Amino acid sequence: MSEEQQQQRSKSNLRLAGKLSVLVVAMFGFGYALVPLYDVFCEITGIGPGSVELVAAEEQDWVVDESRTVTVEFTASLNQRMPWEFRAETRTIEVHPGEPHVMTYYARNLRDQDMIGQAIPSITPTRASSHLHKLECFCFVEQLFEAGQGRYMPVRFVVDPGLPEHVDRVTLAYTFFDATPAGTSAAVDVDSTTW
Amino acid sequence: MAYSATADEHHDAHHDGPAPGLMRWVTTTNHKDLGTLYLWFSLIMFFVGGSMALVIRAELFQPGLSLVQPEFFNQMTTMHALIMIFGAVMPAFVGLANWLLPMMIGAPDMALPRVNNWGFWILPFAFTLLLSTLFMPGGAPALGWTMYPPLVLQTGEAFPFLILSIHLMGISSIMGAINIVATILNMRAPGMTLMKMPLFVWSWLITAYLLIAVMPVLAGAVTMLFTDKFFGTAFFSAAGGGDPVLFQHIFWFFGHPEVYILILPAFGIISHIIPAFCRKPLFGKASMVYAMAAIAFLSFIVWAHHMFTVGMPLAAALFFMFATMLIAVPTGVKIFNWLATMWRSAMTFETPMLFALGFVFMFTIGGLSGLMLAIVPADFQYHDSYFVVAHFHYVLVPGSVFAIMAGVYYWLPKWTGVMYSEVLGKLHFWLTTIFVNLTFFPMHFIGLAGMPRRIPDYALQFTTFNQMATVGAIGFGLSQLIFLYIVIRSVSRAGEKASDRVWEGSEGLEFEVPSPAPYHTFTTPPAVR
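Conventions and cut-offs
Residues numbered from 1 in each chain as written. Chains lettered and ligands numbered in written order. Predicted model: local features only at pLDDT ≥ 70, side-chain atom pairs only at ≥ 80, totals over all residues. Heavy atoms only, no water. Helix = DSSP H or I, 4+ residues; strand = E, 2+ residues; numbered from the N terminus. Buried < 20%, exposed > 50% of the residue type's maximum accessible area, 1.4 Å probe, protein only. Contact = heavy atoms within 4.5 Å. Areas by Shrake-Rupley, 256 points an atom, 1.4 Å probe, with all protein chains shown as cover. Disulfide = S-S within 2.5 Å. Pairing = 2+ DSSP bridges. Axes fitted to C-alpha atoms, helices over the stretch in contact; angles between N-to-C directions.

Caption draft 1: Seen up close, the overall build of chain A. Broken down by element type, chain A carries 1 helix and 9 strands. The buried share among the 195 residues of chain A stands at 38%. Long-range pairs, those at least 24 residues apart, make up 76% of the contacts in chain A with a sequence separation of at least 6. Summed over its atoms, the accessible surface of chain A is roughly 10500 Å², and 53% of this surface lies on carbon and sulfur atoms.

Have a look at this one:
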């Protein structure tokens, strides 16, 4: 092979390697693009964090469907050994679709320091998530609890009559997360107590 | 450039050997040297990862906590997986590619020899970082190689080392893949059209594109973990508006093509060996190429079958189930083409052929349990059980690892110039095959009966099958010492001299150069008929 062909080939090798490197960078970007794509996907299908409504639903005059009764269950949990007490005052209630109801959660900060908590709701089954509307909820804003403070927090909600026929039981689950700004947190430092 | 030899230099190629001394191995850009380095590295990692598997099996010999603490057990399962995938199987395939691709396509060397050197020498550093975590406070990563958050974020001091070593392994694989694509597309001898290329070359062309497409996605995923842990981002933290399930989607978008990265080159190797010992051309070569391309395409749209149990819409579950089952079609094409090649042929059963036949038989068992796992309602039962462990070990050990060993036995005489001991080779095959089945077959049953994976203890009724598996694993591990002995013997040139063709039925340009293959081959391109 002549010197010239050699150089030609080496040049085209580098050119191809360059193109492939662009592909590598693009795929790295694609990995990050999956983050917003995932939210879009969740929004379309009504699952995942994209569907978590942290704003109050519009008050509407729903037609109350007396002929149906739906059981709504409430659960409460704490994230990552958060040193709080958190429970639903009512475990289950029976509602008619279209009829607004109020129930109460109780939370208490067990630490001797002020903490901020943020509750994230989750609704199962997935198909019911777009039909259970929270008209008033402690989850819409971050909650400041002084050291040792406890309080009752109401949730006003309505199950709309559009709930699919076969769903007769809906679970509304809240998880409290520690949202105290870093450095001021009195929460258990999970990272250093792992092992 | 390393392939500066021109046509008029051809006559003195014989005294153009490697530089003397150990620095040769550090500075080399020769594809054969680098292939050798990759293969030795892979063999060392195979033994390191294998010892970890033996710790796992020893702990599981009897119920209750007997030998190691649960934390250490979890570190062993995690490190075993990372080392076997990224340290043993992938470098072995890259090593085979380095040794063979240039010779198979009639090129003097890889397209980018310096990149090749760099790609290899990153690996020892990556694995030193990873293995060093075993000695850190808090120990090595212990939450499984899949690194699911939020648990992975609780890893101790090992966490940044884990992320950095994954990045390094990724960079090494990507550089290797770019080099392989450039070599295959640009360096072929005149007349070597794409469809004339041997199947190992084809399998690597497709694998290299998979690597280029998905290793950066893994790099992105672990970078997100890293910034979540240290820089306050919340990609996967529900408290900050992220979602841990998102990690699983990104990880398996990488992870599923990755499992084909671990098997496609094996398909290539088997497609060389079966025709050679059947003394017949491969049945349906073009369909083999299309089947591999189809598998590669499908691998991008089936990832969520690893995570059916996270909860997904019925339509999505059905889509991923059917797409997964569809992979059985091109895979079946390959299996039946191999069988058709054997049909009414004059077969002989030298060691490479035994390993190839073992591959076809046992890989199919692994494929079948994979189909069972693809069925959504069944998967809810099998998920995270020993059935899954049995499935992926059947496709990886008697699958990928058998193919690598078959390839080593097949080409070792070409590399070293001497035949290995056929008696020892056959002994190695039979012991390995018996023990590999003794190890992994009972896992199907205990998995179906409900034994979960990654747990150092189990219910009493699983004891017998676990003891069988442990005995099998120890036997399997010891049998590999025979392999080590065979390789060392060949490398030290002990044994009968191999002919240039090595095997009666061997085909391909690599068998047209002398045995052992000279340091530089095809400095003038060969004529391709």
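Further notes follow.
Caption draft 2: Spotlight on the environment of B:Ala304. Residues and elements named next belong to chain B. Positionally, Ala304 belongs in the loop between helix H9 (285–298) and helix H10 (314–326). Taking the relative accessible area as the measure of exposure, Ala304 reaches 0% and is therefore buried. It is 7.0 Å that separates the C-alpha atoms of Ala304 and Trp252, two residues lying 52 residues apart in sequence.

Caption draft 3: Local environment of the state of the cysteines. Residues and elements named next belong to chain A. A complete count under the given rule lists 1 disulfide over all chains for this structure. Across the disulfide from Cys137 sits Cys139; the S-S distance is 2.3 Å. What sets the handedness of the Cys137 and Cys139 disulfide is the S-S torsion sign, and at about 135° it is right-handed. For the pair Cys137 and Cys139, one class covers both residues: buried.

Caption draft 4: Examining the sheet that holds strand S5 (residues 115–124) of chain A more closely. Residues and elements named next belong to chain A. Read across the sheet, 5 strands follow the order S3-S1-S9-S5-S7 without closing on themselves; strand pairing throughout is mixed. Edge strands, defined here as strands with exactly one partner in the open sheet, are strand S3 (92–95) and strand S7 (143–145). Neighbour-to-neighbour, the strand axes of the sheet open up by a mean angle of 30°, direction not taken into account.

Limitation: the analysis is restricted to geometry and does not speak to function.
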